[in-house]
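Close look at the chain arrangement
Single-letter residue listing:
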Amino acid sequence: MSAAGATGAAGAAGGIDPDRGGASASHRPLGILAALPQELGDLIEAMRAESSLRTITHGQRDYHLGTVHGAPCVVTLARVGKVAAAATVSALIHAFDVEAVVFTGVAGGVGSEVRIGDIVVANALLQHDLDASPLFPRFEVPLLGVSRFAADAALADQLAAACERFVAEAGAASAARFGTREPRVHRGMIISGDQFIASALGVEALRAALPDALAVEMEGAAIAQVCHEYGVPCAVVRTISDTADDHAPESFASFLAEIAGAYSNAILARFLAARSAG
Ligand code: ADE
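Residues numbered from 1 in each chain as written. Predicted model: local features only at pLDDT ≥ 70, side-chain atom pairs only at ≥ 80, totals over all residues. Heavy atoms only, no water.

A few points about helix α7 (residues 248-258)
- Taken together, the buried positions of α7 are A248, S251, F255 and L256. The buried residues of α7 occupy an angular sector of 125 degrees when the element is viewed end-on, so they sit on one face. What points out from α7, more than 90 degrees from its buried face, is the exposed set E250, A257 and E258.
- Taken together, the buried residues of α7 touch β5 (100-109), β10 (234-242) and α8 (260-277). (Buried < 20%, exposed > 50% of the residue type's maximum accessible area, 1.4 Å probe, protein only. Helix = DSSP H or I, 4+ residues; strand = E, 2+ residues; numbered from the N terminus. Arc of directions from axis to C-beta. Contact = heavy atoms within 4.5 Å.)

Right, here's the structure in full:
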């Protein structure tokens with residue numbers, strides 16, 4: 001669909017409404033996004049099977065509108081990196097009037113207890129490559145005065161509860177199927193930057209600068225910043241595909257191809273079903 005089509009659809013979805021007046025929160029959809037198609041699992045197919053899916057192309061992204069696991073959602077791919085993520089979530093907020101945003105995908109493990117196959121739910125997100133020092137403190141977003149963006153506590157709790165249910169119900173089977181250890185769920189800080197970290201030196205430098213970082217990826221903190229600026233709740237869940245060291249490229253590629261989608265399906269199905277029941 002062209003920009004004109006997207007404008008029409010955006011109008012149908014609520015369009016740009018600075019006051020967010022009119023729309024009742026319960027009817028506004030949840031925005032769900034991932035960077036790469038494998039990280040979304042079968043979510044779009046599940047949506048197509050459950051509802052009359054509508055796809056709107058806007059800013060070179062396909063936005064899929066419908067109901068999945070009982071919850072009204074807009075599902076899209078952000079692609080890779082902070083700018084792509086910020087642009088996409090901005091469209092979710094302004095053109096599709098989402099009530100809240102959930103980002104799902106894989107990340108490199110940084111925390112000493114975080115292993116491949118574990119799951120990390122963010123309670124805060126930070127851009128590890130943002131450094132306007134000495135004008136502003138390292139990691140701080142200039143003029144906003146924030147370095148650590150909090151995830152929405154209630155949304156992160158719901159996401160973590162869905163992860164814990166997945167581990168309790170299917171963790172052992174999933175570990176046997178994929179040859180990983182039984183997944184553990186961690187909660188803490190996820191860091192984001194426009195780099196794929198793939199060296200022992202690189203991940204050590206991140207650990208030294210940010211000892212409480214659990215996982216590293218390329219989008220989450222950008223999503224969190226935009227959501228913070230517009231007052232939209234957001235949460236991020238990441239499955240650990242690699243440990244950001246010299247083995248990261250191969251580990252990432254095989255985890256993405258074989259495991260990421262199954263984890264995403266399992267977590268989102270439980271999260272969305274609980275959300276639509278509540
Ligand atoms: N996403 C998954 N693994 C990653 C890594 N090692 N660095 C950045 N983003 C990632």
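After that view, the rundown keeps rolling.
Quick notes on the UniProt feature "domain: Nucleoside phosphorylase" (unreviewed entry) in the protein
- Within this numbering scheme, the UniProt entry marks residues 30-272 as carrying the feature "domain: Nucleoside phosphorylase" (unreviewed entry).
- With 38% helix and 28% strand, the stretch residues 30-272 has end C-alpha atoms that lie 10 Å from each other. (UniProt positions renumbered as here; feature names shortened; annotations may be inferred.)

Brief notes about the packing of helix α3 (residues 82-94) against helix α6 (residues 220-230)
- Interhelical geometry of α3 versus α6 gives an angle of 35 degrees and a closest axis separation of 8 Å. Crossing of α3 over α6 shows right-handed handedness. In this structure, α3 uses K82, A85, A86, V89, S90, I93 and H94 to contact α6, whose residues at the interface are A222, I223, V226, C227 and Y230.
- Grouping the constituent residues of the contact of α3 with α6 by class yields nine nonpolar, two polar and one charged. (Axes fitted to C-alpha atoms, helices over the stretch in contact; angles between N-to-C directions. Left-handed = near helix turned anticlockwise from the far one by under 90°. Nonpolar A, V, L, I, M, F, W, Y, C, P; charged D, E, K, R; others polar.)

Looking at α6
- Most of α6 sits out of view: eight of its 11 residues are buried.
- When we look at burial in α6, the residues that qualify are G220, A221, A222, I223, A224, Q225, V226 and C227.
- Of the residues trailing α6, G231 is marked for its positive phi of about 65 degrees.

Looking at the site of the ligand
- Close to the ligand lie 13 residues, the nearest being G108, F196, I197, E217 and D242.
- A distance of 3.2 Å separates a nitrogen atom of the ligand from a polar atom in the backbone of G108.
- Within the side chain of D242, a nitrogen or oxygen atom sits 2.6 Å from a nitrogen atom of the ligand.
- Coverage of the ligand by the protein amounts to 97% of the 260 Å² it exposes when considered alone.
- Placement of the ligand is best described as lying within the largest pocket.
- When contributions to the shell around the ligand are tallied by element, the ones reaching two or more residues are β5, β9 (213-217) and β10.
- A class-by-class count of the residues in the shell around the ligand yields eight nonpolar, three polar and two charged. (Near = heavy atom within 4 Å. Polar contact = N/O pair within 3.5 Å; in protein donor to acceptor, adjacent residues only side chain to side chain. Areas by Shrake-Rupley, 256 points an atom, 1.4 Å probe, with all protein chains shown as cover. 1 Å grid on protein atoms, 1.4 Å probe; cavity = no way out; pocket = protein on both sides within 12 Å on 5 of 7 lines; lining within 4 Å. Sits in = over half its atoms within 2 Å of the grid points.)

Here's the deal with the packing of aromatic side chains
- The tally for this structure, following the rule as stated, stands at four aromatic pairs.
- Between Y63 and F96, the aromatic rings sit 4.5 Å apart at their centres with planes inclined by 25 degrees, giving stacked as the arrangement. Placement of the pair is Y63 in strand β3 (residues 61-68) and F96 in the loop between α3 and β5, with a sequence separation of 33 residues.
- When its relative accessible area of 1% is taken as the criterion, Y63 is described as buried.
- When its relative accessible area of 2% is taken as the criterion, F96 is described as buried.
- When the centroid spacing of 5.9 Å and the interplanar angle of 50 degrees are considered together, the rings of F255 and Y263 count as tilted. (Phe/Tyr/Trp six-rings, centres within 6.5 Å; stacked < 30°, edge-to-face > 60°.)

A word on the pattern of salt bridges
- Considering all chains together, one arrives at 11 salt bridges under this definition.
- K82 is the salt-bridge partner of D129, the closest N and O atoms lying 2.7 Å from each other. Here the residue D129 occupies a position in the loop between β6 (119-127) and β7 (149-150), and K82 occupies one in helix α3, the gap between them amounting to 47 residues.
- Residue D129 is classed as partly exposed on the basis of its relative accessible area of 28%.
- What makes K82 buried here is its relative accessible area of 12%.
- For R270, the salt bridge is made with E169, and the minimal N-O distance between the two is 2.9 Å. With R270 in helix α8 and E169 in helix α4 (residues 153-178), this pair connects stretches of sequence that are 101 residues apart. (Salt bridge = Lys/Arg side-chain N within 4 Å of Asp/Glu carboxyl O.)

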